Amino acid sequence: MGVFPDVMDAEEHRECWDAISLSLVLNFVPDPKNRGNMLRLAHTMLQAKGFLFVALPLPCVLNSRYLTPEHFQGLMTAVGFEQIRARWREGGKMAYWLFQKSSSPVSTTYQDHVLYQKKTVVRQGDRNNFNILL
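Attention in this report is confined to the structure presented alongside it. (Residues numbered from 1 in each chain as written. Predicted model: local features only at pLDDT ≥ 70, side-chain atom pairs only at ≥ 80, totals over all residues. Heavy atoms only, no water.)

1. Comments concerning the nonpolar core
Here comes step 1: Core analysis: the largest hydrophobic core is formed by 30 residues, its most contacted members being Leu 39 and Leu 52.
Here comes step 2: Broken down by secondary-structure element, the contributors of at least two residues to this core are β1 (17-23), α1 (32-45), β2 (46-57), α2 (59-62), α3 (69-79) and β4 (94-101).
Here comes step 3: Contact partners of Leu 52, with chain neighbours within four places excluded, come to Ile 20, Leu 22, Leu 39, Ala 42, Leu 46, Met 76, Phe 81, Trp 97, Leu 98 and Phe 99. (Core = buried A, V, L, I, M, F, W, Y, C linked by side-chain atoms within 4.5 Å. Buried < 20%, exposed > 50% of the residue type's maximum accessible area, 1.4 Å probe, protein only. Helix = DSSP H or I, 4+ residues; strand = E, 2+ residues; numbered from the N terminus. Contact = heavy atoms within 4.5 Å.)

Written out as structure tokens, the structure reads:
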């Protein structure tokens, strides 16, 4: 992948992990494309049926002009994950997801990825700019 070469080698860790936690990690990656690359890297490192835990500040998905919970779920499906559970409280501060590496192959079709390749405003108004791009 080459995005995080100083952290872990993707090939060395290919399908080595049962579970990966990205708890308050994605929101600190400064570039939306690198956030997407981090999700792809996690997919590469997980064993078949491995689990990915994601925790984000709730405003990243409920108050973003570019990302909604449905958009995030679709993006994760395009990367190759199946949502097992999502949880947050209205008025709360955090959102949590548990994903499992899908047994079906990762989609490589243009149609499945086009929605997640560039910033697309999905909500207007006074919102934040958090986004994840593939």
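And the narrative resumes.
2. Remarks on α1
Here comes step 1: Across its 14 residues, α1 extends 20 Å between first and last C-alpha, which sits within 8% of the 20 Å expected from 1.5 Å per residue.
Here comes step 2: Across the 14 residues of α1, 11 count as buried, placing the element largely inside the fold.
Here comes step 3: When we look at burial in α1, the residues that qualify are Pro 32, Arg 35, Gly 36, Asn 37, Met 38, Leu 39, Leu 41, Ala 42, His 43, Thr 44 and Met 45.
Here comes step 4: The elements touched by buried residues of α1 are β1, β2, α3, β3 (81-88) and β4.
Here comes step 5: The distance from a side-chain oxygen at the start of α1 to the backbone nitrogen of Lys 33 is 3.1 Å, and the residue carrying that oxygen is Asp 31. (Expected span 1.5 Å × (residues − 1). Polar contact = N/O pair within 3.5 Å; in protein donor to acceptor, adjacent residues only side chain to side chain.)

3. Here we look at the packing of aromatic side chains
Here comes step 1: Applying the stated criterion to the full structure yields five aromatic pairs.
Here comes step 2: Here Phe 53 and Tyr 96 contribute two aromatic rings whose centre-to-centre distance is 6.1 Å and whose plane-to-plane angle is 20°, an arrangement assigned as stacked. Highlighted residues: Phe 53 in strand β2 and Tyr 96 in strand β4, separated in sequence by 43 residues.
Here comes step 3: Accessibility expressed as a relative area gives 30% for Phe 53, which makes it partly exposed.
Here comes step 4: Centroid distance Phe 72 to Phe 99: 5.8 Å. Interplanar angle 80°. Geometry classified as edge-to-face. Residue Phe 72 is located in helix α3, and its partner Phe 99 is located in strand β4; the two are separated by 27 residues in the primary sequence.
Here comes step 5: With relative accessibility at 0%, the residue Phe 99 sits in the buried group. (Phe/Tyr/Trp six-rings, centres within 6.5 Å; stacked < 30°, edge-to-face > 60°.)

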